[in-house]
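If you want the building blocks of each chain, they are given just below.
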Amino acid sequence: RFRSLGSTIGTAIFGSILTLGVAANLGDMKAEPYIQTLKQSPVVSRIITKTDDANTLLELNTPAVKQQINTGFDAALLKVPPAVRTPFKTTFEANQQAYANKIIYAFSNSINTIFIVAATIVATAAAISFAIKEKPLQAAKPTETPGEI
């Protein structure tokens, strides 16, 4: 029963480090140009309720959500005069890529922190295990050894 307890606690701790790291690296993305553009859409503005929620910010960068956003943006561009469609599309794509880069940086930086913490724990555990004194096993008589016939 207790064998999986360590992995459960470890997963909880490292998951917390990941989430807190992403949130700390991203901060409040309220002023992010990509978020500002998305908030102008009534459909997407319902999704983006809190700009400091790491889960919401990460979800905006998933392929399925990005596809929905791009489809909605392309549909909205049809209402814009043709002369300004290309600059709007170029700016939107640049902002979307800059946002994706920030998400990737925040996520990879948090994973880096997890590896540093885990390596420190492993190194400490190894040092402690090498410091434990060896205690020789007692010799037993064949008649007293459990499992012997």
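I will try to describe carefully the structure that is included in this document. Predicted model, so just to flag it, every value in this text is computed and none were measured. (Residues numbered from 1 in each chain as written. Predicted model: local features only at pLDDT ≥ 70, side-chain atom pairs only at ≥ 80, totals over all residues. Heavy atoms only, no water.)

## Considerations on the layout of surface pockets
By volume, the largest pocket amounts to about 410 Å³. In terms of lining, the largest pocket is formed by 19 residues, of which the most central are Ser41, Val44, Ile69, Gly72 and Phe73. Looking at the lining of the largest pocket, the elements that each hand over two or more residues are α2 (33-39), α3 (42-47), α5 (63-77) and α6 (82-131). It is α5 that provides the largest number of residues to the lining of the largest pocket, a total of seven residues. Its residues assigned to classes, the lining of the largest pocket comprises 14 nonpolar, five polar and no charged. (1 Å grid on protein atoms, 1.4 Å probe; cavity = no way out; pocket = protein on both sides within 12 Å on 5 of 7 lines; lining within 4 Å. Points joined across faces, edges and corners; volume = space filled by probe spheres on them. Helix = DSSP H or I, 4+ residues; strand = E, 2+ residues; numbered from the N terminus. Nonpolar A, V, L, I, M, F, W, Y, C, P; charged D, E, K, R; others polar.)

## A word on α5
For α5, which comprises 15 residues, the first-to-last C-alpha distance of 21 Å matches the rise-based estimate of 21 Å (1.5 Å per residue) to within 8%. The set of residues buried in α5 consists of Val65, Ile69, Asn70, Phe73 and Leu77. All buried residues of α5 fall inside an arc of 135° around its axis, so they share one side. In α5, the exposed residues that point more than 90 degrees away from the buried face are Ala64, Gln67 and Gln68. (Expected span 1.5 Å × (residues − 1). Buried < 20%, exposed > 50% of the residue type's maximum accessible area, 1.4 Å probe, protein only. Arc of directions from axis to C-beta.)

## Here we look at the side chain of Ser110
You can see Ser110 is positioned in helix α6. For Ser110, a relative accessible area of 1% puts it in the buried group. Among the polar contacts made by the side chain of Ser110, one reaches the main-chain carbonyl oxygen of Gly21 at a distance of 3.4 Å. Contacts of Ser110, omitting those with residues within four sequence positions, involve Leu18, Gly21, Val22 and Asn25. (Polar contact = N/O pair within 3.5 Å; in protein donor to acceptor, adjacent residues only side chain to side chain. Contact = heavy atoms within 4.5 Å.)

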